[in-house]
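# Understanding the architecture of this molecule
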Amino acid sequence: MTKVLVVDDDFMVAKLHSRCVSAMDGFTVVGVAHSGAEALRAAERLRPDLVLLDVYLPDMDGISVLRELRAAEERGEYGHTVDALFITAARDAEIIRAALRAGALHYLIKPFNQAALQEQLRHVASMRTRFDELAEQGEARQADVDQIFGTRPPGSRELPKGLAAHTAELVERTLREHPAGLSATECAESGSLSRVSARRYLEYFADTGRAEVTLRYGGTGRPERRYRWVG
């Protein structure tokens, strides 16, 4: 269960975000704060795994709050790492850069729909699971690192022989549009591809750590392989 602290100076907005988080499996809201100082006290007391953080707070900005959280971690006051997801109306490029440098996982600009926030929460859950798996493995492959840090710069990830960039983009887009996952047959129908072709690209994404494969059992025969984008 991922424990979430919601930080926003607007009481109604904080309530909406809390409701959205609570609707997600695997997440629970452990506290709500409406100022930077309140957020820091709550983080020390509640030990959240994730903080949903606004930039504009009445006493200090959200970037400073995150920096204080990171400093507390370095001093060993929390015992674990706190992830942060900014949810804010701040659009200034320097603020976004500062959030990234402070260690934010992502940055959502208000207004946005509930699906956008839930997609980011799924990404957080996926990353936490991946880190747990890597901790058990003891070491990471480059594909694992690429998955954690995000997409490489254009051209740095070469496709295997026989795979075309435009088809890979089509399959990737199809997966992104279906966050619950697709079978090769469903992907082929959605992208107007042959099932064999769709399966090749889906397996490539799975092998490179950008798609997650699950098995769905039912009836006779082999279980159905389903693919979900996590890259």
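This text goes with the structure placed above it.
Fair warning: this is a prediction, and the values are worked out from it, not measured in the lab.

Cut-offs applied
Residues numbered from 1 in each chain as written. Predicted model: local features only at pLDDT ≥ 70, side-chain atom pairs only at ≥ 80, totals over all residues. Heavy atoms only, no water. Salt bridge = Lys/Arg side-chain N within 4 Å of Asp/Glu carboxyl O. Helix = DSSP H or I, 4+ residues; strand = E, 2+ residues; numbered from the N terminus. Buried < 20%, exposed > 50% of the residue type's maximum accessible area, 1.4 Å probe, protein only. Pairing = 2+ DSSP bridges. Expected span 1.5 Å × (residues − 1). Polar contact = N/O pair within 3.5 Å; in protein donor to acceptor, adjacent residues only side chain to side chain.

## A short note on the pattern of salt bridges
Tallying each qualifying case throughout the model produces 13 salt bridges. With a closest N to O distance of 3.1 Å, R226 and E186 form a salt bridge. Within this pair, whereas R226 is found in strand β8 (residues 224–229), its partner E186 is found in helix α8 (residues 184–191), the two being separated by 40 residues in sequence. We classify R226 as buried; its relative accessible area is 13%. Given a relative accessible area of 30%, E186 falls into the partly exposed group. What emerges from the salt-bridge pattern is a single network uniting E186, R216, E224 and R226.

## Considerations on the pairing of β8
With two bridges joining them, strand β6 (residues 182–183) and β8 adopt antiparallel strand pairing. The residue of β8 that forms the bridge with S183 is R226. Pairing geometry for strand β7 (residues 211–216) and β8, over six bridges, is antiparallel. Opposite L215, over in β8, you have R225 as the bridge partner.

## Re helix α3 (residues 62–74)
When the terminal C-alpha atoms of α3 are compared, their 19 Å separation across 13 residues agrees well with the 18 Å that a helix rising 1.5 Å per residue should span. Within α3, the full set of buried residues consists of G62, I63, V65, L66, L69, R70, A72 and E73. Where α3 starts, the residue carrying a side-chain oxygen 3.0 Å from the main-chain nitrogen of I63 turns out to be D61. G76 occupies a position one or two residues after α3 and carries a positive phi of about 75°.

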